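# Summary of the model geometry
The residues making up each chain are set out below.
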Amino acid sequence: MAKQPEPTRKAHWARQAIVLLALLLAWTSITQAGSMAFQSRSPALALRFDAGNPVALIRAAKADITAGVDTGDGGERAISAASRSIAQNPLNADAFGLYGLINMANADDETVSRQVIMADRLSRRDLSTQLFLIEDSVRRNDVAEALRHYDSAMRASEGVRPTLFAILAKAMREPAIRKRFMPYMTASNPWLEAFFRYATANPSDSTAVAQLAIEADGLPDGALYDRKVSELLSLLVQQQEYDTARRLYLKAGDGDPELLTDAAFTDANTDQLLMPITWQPSVYGDIDPLFVVARDGTLEFEARIASGFTGYVLQKLFMLPPGSYTLSGSARAEGEIPADKLLIQATCASADGRTFILDERRDMGEDEAYRAAFTVPQGCPYQMVSYAVDTQARTSDLVLMLSSPTITR
């Protein structure tokens, strides 16, 4: 059998070169994979795998700045990191943003603006860039540009929203800012509903935000916004901002102006989304209220009331012109005792408080029909009509039923 020739020296080194190349490629793949895996969570560790990782370079430098690490070089290490990062990835928003932060610390305003604007053009997701540009826009009195960066910042980070909401809600007091805010009053805006939720939870901001809704001809359509007008209306009435409440009801709520003088229990006049310009049941836990259909097809108000409760059970805001009026209807009760009282009341509602123009107390056991006369004086543009009870303690609840009332002049 013929003997196989021994491998030549050249073939031997070729095989070794291939093995070394394979090992080198494998190591390169491992380091790149490791660097990419840790570049966001642990940039310092990512740089051990790949010292030129552009993302890790910037994140590590920003982490040092945030932690207050004093390098004693006036930010030169961070600038160097930004330069190396841009060399690896020229379209690098984070790197230009880092340039801006360092130059801001060194009071180089012109360079800051140029570099941070470049960061914004490349990406709007860097929060520090957007916050800087908000301040820069405010300094230049450029409201539209400031709002654009507010929008970008709140899209980039939900965590910053409460802080910016507080500033933005107060800014809505300025008509010029409300005017420029209109492009953001859309259902596609991801933070608008949260902004209105914040504003309606802060009574001091409610008037300005209501003005915004009025000037925008309402809020965006959708279930998220259905109750916002009612929440704002209730806040405005509580704060005696009746003129603003009326305009919000008519403009943003598409409310019927006839309901401002109509007392009847109708579907429109019991719409919970427009309370308290429509009839508003009490929200106290001692009352279980609802509107039900009576035998004649009209709506009737029924409330189960815990014994010993005193307070209003139903109320509505009116805008009756000066004159003499009669409020009429019927009331009946089940489970009442002689000392239980039904209070039929009306007050002049103004910024100075409420003054009674009707305060009639009836025994719940009296004849169910009632006619209560009152006069709306001059200087009383808004009136709050309410039904209240004063009940005594007993072992069981009572039930109050009110027919649809009418107000005649």
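The structure this text deals with has already been given above.
Now for a quick tour of the structure. (Residues numbered from 1 in each chain as written. Predicted model: local features only at pLDDT ≥ 70, side-chain atom pairs only at ≥ 80, totals over all residues. Heavy atoms only, no water.)

Right, let's talk about the nonpolar core for a bit. Within the largest apolar cluster, 47 residues are counted, with the highest numbers of intra-cluster contacts made by Leu168, Phe181, Phe195 and Leu248. For this core, the element with the highest residue contribution is helix α12 (residues 206-215), accounting for six residues. Dropping the residues within four chain positions of it, Phe195 is found in contact with Phe165, Leu168, Ala169, Met172, Phe181 and Leu212. Counting residues in each nonpolar core, the second largest holds 36 residues, with Phe265, Ala303, Met364 and Leu398 among its members. (Core = buried A, V, L, I, M, F, W, Y, C linked by side-chain atoms within 4.5 Å. Buried < 20%, exposed > 50% of the residue type's maximum accessible area, 1.4 Å probe, protein only. Helix = DSSP H or I, 4+ residues; strand = E, 2+ residues; numbered from the N terminus. Contact = heavy atoms within 4.5 Å.)

With that settled, consider the packing of α12 against helix α14 (residues 242-252). As a packed pair, α12 and α14 sit with axes 9 Å apart at the nearest point and diverge in direction by 30°. Classified by the interaxial angle, the pair formed by α12 and α14 is roughly parallel. Two packed elements cross with a definite hand, and for α12 against α14 that hand is left-handed. Here Thr207, Ala210, Gln211, Ala213 and Ile214 of α12 lie close against α14, whose contacting residues are Thr244, Arg247, Leu248, Lys251 and Ala252. (Axes fitted to C-alpha atoms, helices over the stretch in contact; angles between N-to-C directions. Parallel < 35°, antiparallel > 145°, perpendicular 65-115°, else oblique. Left-handed = near helix turned anticlockwise from the far one by under 90°.)

Moving on, we come to the pattern of salt bridges. If you walk through the whole model with that rule in mind, you get 12 salt bridges. Notably, a salt bridge pairs Asp151 with Arg155, separated by 2.8 Å at the nearest N-O pair. Of the two residues, Asp151 and Arg155 both sit in helix α8 (residues 143-156), four residues apart, roughly one turn of that helix. You can call Asp151 buried: its relative accessible area is 11%. Residue classification places Arg155 among the partly exposed residues on the basis of a relative accessible area of 42%. Across the salt bridge formed by Arg362 and Glu360, the nearest N and O atoms sit 3.9 Å from each other. For Arg362, a relative accessible area of 10% corresponds to the buried category. Taken together, the salt bridges that share partners define one network made up of Glu193, Arg197 and Lys228. (Salt bridge = Lys/Arg side-chain N within 4 Å of Asp/Glu carboxyl O.)

Don't take any of this as a statement about function, it's just geometry.
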